[in-house]
Amino acid sequence: MKTQILPLTDESVKLADKLLKDGNLVGIPTETVYGLGAIGTDSEAVKKIFIAKGRPSDNPLIAHVHKDFDLNKIVNVTREYALKLKDAYTPGPLTMVFESKGVVCSEAVCGGETLAVRIPSHEGCQKLLRKVDAPIVAPSANISKHTSPVTAKHVFDDLDGKIPLILDGGKCTGGIESTVVDVTGEVPRILRAGLITKEMIEAVCGSCEIAKHAEGDRVKSPGVKYSHYRPKCQTMLFEPNEIDRAKEAYRQAEADGKRVFIMCADQMQEAFSGYNLLLLGSDGNQIASNLYDKLLEGEKKADLIIALSFGREDGVYLGIMNRLKKSCG
Ligand code: AMP
Ligand code: MG
């Protein structure tokens, strides 16, 4: 199959709509990462997602809808705080897990009784969702376990020959996957951290829990248990107070003939002057936005990426550190 990349226009949205309705997969931009979409009511199309990605069959998909889509068509909204969250943070990088009405096929939810729903803010994505006017289920558009794509080219690098079309909507601004929140219980519970933080949810709902995925627990968000986000080169991860150890590892790898890059926040730049650098930016939002892009740039030019963490896990850093530990830890 030939894979086309087309800029997202009225014309290409029309083509994507047709391809999706004919049971095909399409690579789609969102503000978090690129998604690999299929119509959520089409079991055969949804099965193709799991095959194209090599995705474990117990890891459910998120249903994406446009901002005027009536959620009651696909889920039971049982908690008032869920509507407050919807008002406050959607369209945006927030996914809410509701009781499913079974309209989205069981393949998409892996036989489960809940459905994760997101209303993306990316304008081009909204345009496509409006045109399709049905839930598009989409995981990130990468081969399972690889770093998530934040440009159309990243999608092409992983899925060339496997899908007919990738809509190019520019580089994703958010850069890490959405916050996934279970909104079926008495209080909201974060299953996967992201740009909508615990603090932001608390500000709207009064309280918010973070699910602990302890060993032996029934895993509520299966995706969090897999190894994930890994670039194709070797990686190491150091704390910000381990600069000397990081430099030692760099020198050692260089002596072994490896191409090495340090990946760190801009604030660390001076400490590593003269080293090959992949700079992530200076605040949480910039770092999130650049993280996958720099990992995917790094895997092309480095044999080893040495990542420096940031010494904090509050706010958006919780989601960032979750990704960084899985990709480089
Ligand atoms: P991905 O689209 O690959 O970024 O992964 C979607 C994330 O949402 C994974 O961590 C899934 O396990 C999680 N997820 C999707 N649907 C549900 C659901 N119904 N209940 C709990 N977690 C879900
Ligand atoms: Mg993914």
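Bear in mind the structure is a predicted one, so any value in this text is a computation, not a measurement. (Residues numbered from 1 in each chain as written. Chains lettered and ligands numbered in written order. Predicted model: local features only at pLDDT ≥ 70, side-chain atom pairs only at ≥ 80, totals over all residues. Heavy atoms only, no water.)

## Things to note about the side chain of T197
Thinking step 1. By secondary structure assignment, the location of T197 is in the loop between β11 (189–192) and α6 (198–205).
Thinking step 2. Residues in contact with T197, not counting those within four places in the same chain, are I190, G315 and V316. (Helix = DSSP H or I, 4+ residues; strand = E, 2+ residues; numbered from the N terminus. Contact = heavy atoms within 4.5 Å.)

## Details of unusual backbone geometry
Thinking step 1. At the junction of T90 and P91, the peptide bond is cis and its omega measures out at -5° in the coordinates.
Thinking step 2. Note that P91 resides in the loop between α3 (80–89) and β6 (94–100).
Thinking step 3. The phi torsion at C110 lies on the positive side, around 55°, for a residue other than glycine.
Thinking step 4. Looking at where C110 falls in the secondary structure, it is placed in the loop between β6 and β7 (114–118).
Thinking step 5. Accessibility expressed as a relative area gives 28% for C110, which makes it partly exposed.
Thinking step 6. Here D133, not a glycine, exhibits a phi torsion of approximately 50°, which is positive.
Thinking step 7. The topology assignment puts D133 in the loop between α4 (123–132) and β8 (136–138). (Buried < 20%, exposed > 50% of the residue type's maximum accessible area, 1.4 Å probe, protein only.)

## Some details on the packing of aromatic side chains
Thinking step 1. What the rule picks out here adds up to four aromatic pairs.
Thinking step 2. Here the aromatic rings of Y250 and Y275 are separated by 4.6 Å at their centres, their planes lie at 65°, and the arrangement is edge-to-face. With a gap of 25 residues between them, Y250 in helix α7 (residues 243–255) and Y275 in the loop between β14 (260–264) and β15 (277–279) connect regions that are remote in the sequence.
Thinking step 3. Taking relative accessible area as the criterion, Y275 reaches 18% and is therefore assigned buried. (Phe/Tyr/Trp six-rings, centres within 6.5 Å; stacked < 30°, edge-to-face > 60°.)

## Points about the pairing of β7
Thinking step 1. In terms of burial, β7 is a largely internal element, four of the five residues being buried.
Thinking step 2. Sheet topology places strand β4 (residues 62–64) next to β7; three bridges connect them, and they run parallel. In the sheet register, A63 faces β7, and the bridge partner there is V117.
Thinking step 3. Bridge count between β6 and β7: five bridges; the pairing is antiparallel. Its bridge partner lying in β7, T95 is registered against R118. (Pairing = 2+ DSSP bridges.)

## As for the pattern of salt bridges
Thinking step 1. Applying the stated criterion across every chain yields a total of 18 salt bridges.
Thinking step 2. K153 serves as the salt-bridge partner of D157, at 2.8 Å between the closest nitrogen and oxygen. One end of the pair, D157, and the other, K153, are both in helix α5 (residues 152–159), four residues apart, so they sit about a helical turn from each other.
Thinking step 3. Via salt bridges that share partners, K153, D157 and K300 belong to a single interconnected network. (Salt bridge = Lys/Arg side-chain N within 4 Å of Asp/Glu carboxyl O.)

## Description of the nonpolar core
Thinking step 1. Counting 71 residues, the largest nonpolar core has L85, M263 and F310 as its most contacted members.
Thinking step 2. A total of six residues in this core trace back to one element, the largest contributor, which is helix α9 (residues 316–328).
Thinking step 3. If near-sequence neighbours (up to four positions away) are discounted, F310 is found in contact with P240, A265, L280, I287, Y317, I320, M321 and L324.
Thinking step 4. Core analysis: the second largest hydrophobic core is formed by 17 residues, L8, V26, L165 and L167 among them. (Core = buried A, V, L, I, M, F, W, Y, C linked by side-chain atoms within 4.5 Å.)

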